[in-house]
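If you want the building blocks of each chain, they are given just below.
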Amino acid sequence: MAQKTYAGVTVELTDEGYLVDKNQWNKEMAVEIAQENDITLTAKHFAVIEFLRDKVEKGETLTIRAIGKSGIVDIKGFYELFPGAPLKVATKISGLSKPVSCV
Amino acid sequence: MTEKEEYPLKKVCIICAKGNLEDVYAACVMANGAVMEGIETKVFFTFFGLDAITKKQMNHLHTATVGNPAMRMPNGWAFPSVLGMLPGVEAGVSSIMKKQMEALDIPTIPEFLEMITAGGGELYACKLATDMFKLKKEDLSDEVKDIITVGEFYGLCGGQGTQIIFT
């Protein structure tokens, strides 16, 4: 467990850098976490972030497939927005826990 | 404190040689899972595994109801092989399985192929097997990048941190 300050707020992080408490998250924090991952957030990024946080709020499992069907972005576009391991990077920026989905 | 050196997986090359629903899913889940982790991914479909990327067959893959000791009835009883031989049973069982997978947000095979390539994974068909089954590039899913020889596939599997997986 580590502590880090994003956007003036000190938060608890897991060993892998995910926020422990998703309620501490705000958009300014997202911008700073994104910068650490070499991503500059756009409106499209925020639309995905909102979708992910909403899904988690409802207790649903996050899958890449669901994002592809969200109407916000297709799967290819999702990989372009959050390069590398998109679901992991996107959840990290969204202040959510590490995804446990296999699809 | 001792430093543990880690050598993360950089590339996986998966060979799918069987056309049973479960074998194809194993290959697809592993391939897509690698793509999701940002690992370079290449899949080589050969022999009956070609069904997974053949337009005519890809939506009609079945699981074996005969000679499959892990096959169970919904209540947990062993599934008698004799039942599995009856016409329509294999299709029925496969259809139930597909419904259960849909409920878990597991994609269909064609959709899985699209997800893999959307994330930058590459799909290949085996030259020898396509010749044998008389299949041409146009008979295969549009997601298939090329028909290549096994030697060419090995050529794509080089580099440190690469693993070849046979399903």
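Residues numbered from 1 in each chain as written. Chains lettered and ligands numbered in written order. Predicted model: local features only at pLDDT ≥ 70, side-chain atom pairs only at ≥ 80, totals over all residues. Heavy atoms only, no water.

### Describing the overall build of chain A
- Each helix and strand counted, chain A has five helices and two strands in total.
- Start at the N end of chain A and walk to the C end: the helices and strands fall as β-β-α-α-α-α-α.
- Taking 103 residues into account, the globule formula puts the C-alpha radius of gyration at 13 Å, and chain A, at 13 Å, falls close to it.
- Each principal axis of the C-alpha atoms in chain A carries an extent, and together these give about 35 × 25 × 20 Å. (Helix = DSSP H or I, 4+ residues; strand = E, 2+ residues; numbered from the N terminus. Rg over C-alpha atoms; globule rule 2.2 N^0.38 Å.)

### With respect to the packing of aromatic side chains
- What the rule picks out here adds up to six aromatic pairs over all chains.
- Centroid distance Phe-44 of chain B to Phe-153 of chain B: 4.6 Å. Interplanar angle 20°. Geometry classified as stacked. Here Phe-153 of chain B lies in helix α6 (residues 150-156) and Phe-44 of chain B lies in strand β2 (residues 40-45), a separation of 109 residues in the sequence. One exposure class covers both Phe-44 of chain B and Phe-153 of chain B, and it is buried.
- Taking the ring centre of Phe-46 of chain A as reference, the NZ or CZ of Lys-27 of chain A above it sits at 5.4 Å.
- The ring of Tyr-18 of chain A carries the charged tip of Lys-92 of chain A above its face, separated from the ring centre by 5.1 Å. (Phe/Tyr/Trp six-rings, centres within 6.5 Å; stacked < 30°, edge-to-face > 60°. Buried < 20%, exposed > 50% of the residue type's maximum accessible area, 1.4 Å probe, protein only. Lys NZ or Arg CZ within 6 Å of the ring centre and 35° of its normal.)

### Structural notes on unusual backbone geometry
All names here are of chain A.
- Residues other than glycine seldom take positive phi values, yet Ala-7 does so here, at roughly 50°.
- Positive phi, normally seen in glycine, also occurs at Asp-38, with a value near 60°.
- Within the secondary structure, Asp-38 sits in the loop between α1 (27-36) and α2 (43-57).
- Of the residues examined, Asp-38 reaches a relative accessible area of 73% and is grouped as exposed.

### Let's talk about the pairing of β2 of chain B
All names here are of chain B.
- Counting buried positions along β2 yields five of six residues, so the element is predominantly enclosed.
- The sheet contact formed by strand β1 (residues 11-16) and β2 spans six bridges and is parallel. Bridge pairing in β2 places Cys-16 opposite Phe-45.
- Of the strand pairs in this sheet, β2 and strand β3 (residues 122-126) are connected by four bridges, and their pairing is parallel. Within β3, the position partnered with Phe-45 by the bridge is Ala-125. (Pairing = 2+ DSSP bridges.)

### Points about the sheet that holds strand β4 (residues 144-148) of chain B
Residue and element names in this part refer to chain B.
- Here five strands make up an open sheet; going across it, the order is β4-β3-β2-β1-β5 and the pairing parallel. Looking at strand neighbours, the two that pair on one side only are β4 and β5 (162-166), the edges of this open sheet. Each strand axis lies, on average, 20° off the axis of its neighbour in the sheet, ignoring direction.
- One ladder, built from five bridges, connects β1 with β5; its direction is parallel. Among the inter-strand pairings, Cys-13 is bridged to a residue of β5, identified as Ile-164.
- Of the strands in this sheet, β1, β2 and β5 are in contact with helix α1 (residues 21-36), which crosses β1 at around 165°. (Axes fitted to C-alpha atoms, helices over the stretch in contact; angles between N-to-C directions. Contact = heavy atoms within 4.5 Å.)

### Regarding the nonpolar core
- Ranked by internal contacts, the top residues of the largest apolar core, which has 73 residues, are Phe-78, Phe-82 and Ile-93 of chain A together with Phe-45 of chain B.
- With nine residues, the single largest contributor to this core is α1 of chain B. (Core = buried A, V, L, I, M, F, W, Y, C linked by side-chain atoms within 4.5 Å.)

### Side note on the domain arrangement of chain B
Residue and element names in this part refer to chain B.
- When cut into domains, chain B gives domain 1 (11-59 + 108-166) and domain 2 (63-107).
- Placing the centre of domain 1 and that of domain 2 at their C-alpha centroids yields a distance of 25 Å.
- Facing the nine residues of domain 1 at the interface are nine residues of domain 2.
- Carbon and sulfur atoms make up 65% of the surface buried where domain 1 meets domain 2, a total of about 690 Å² over both sides.
- When residues of domain 1 are sorted by the area they lose upon contact with domain 2, Leu-21, Glu-22 and Tyr-25 head the list and together hold 60% of the total.
- Counting residues per element, the ones that place at least two in the side of domain 1 that touches domain 2 are α1 and α4 (109-118).
- Among the elements that line the side of domain 1 that touches domain 2, the one with the most residues is α4, at four residues.
- Here the residues of the side of domain 1 that touches domain 2 are counted per class, giving five nonpolar, two polar and two charged. (Domains from an automatic or database assignment. Buried area = accessible area lost by both parts, 1.4 Å probe. Nonpolar A, V, L, I, M, F, W, Y, C, P; charged D, E, K, R; others polar.)

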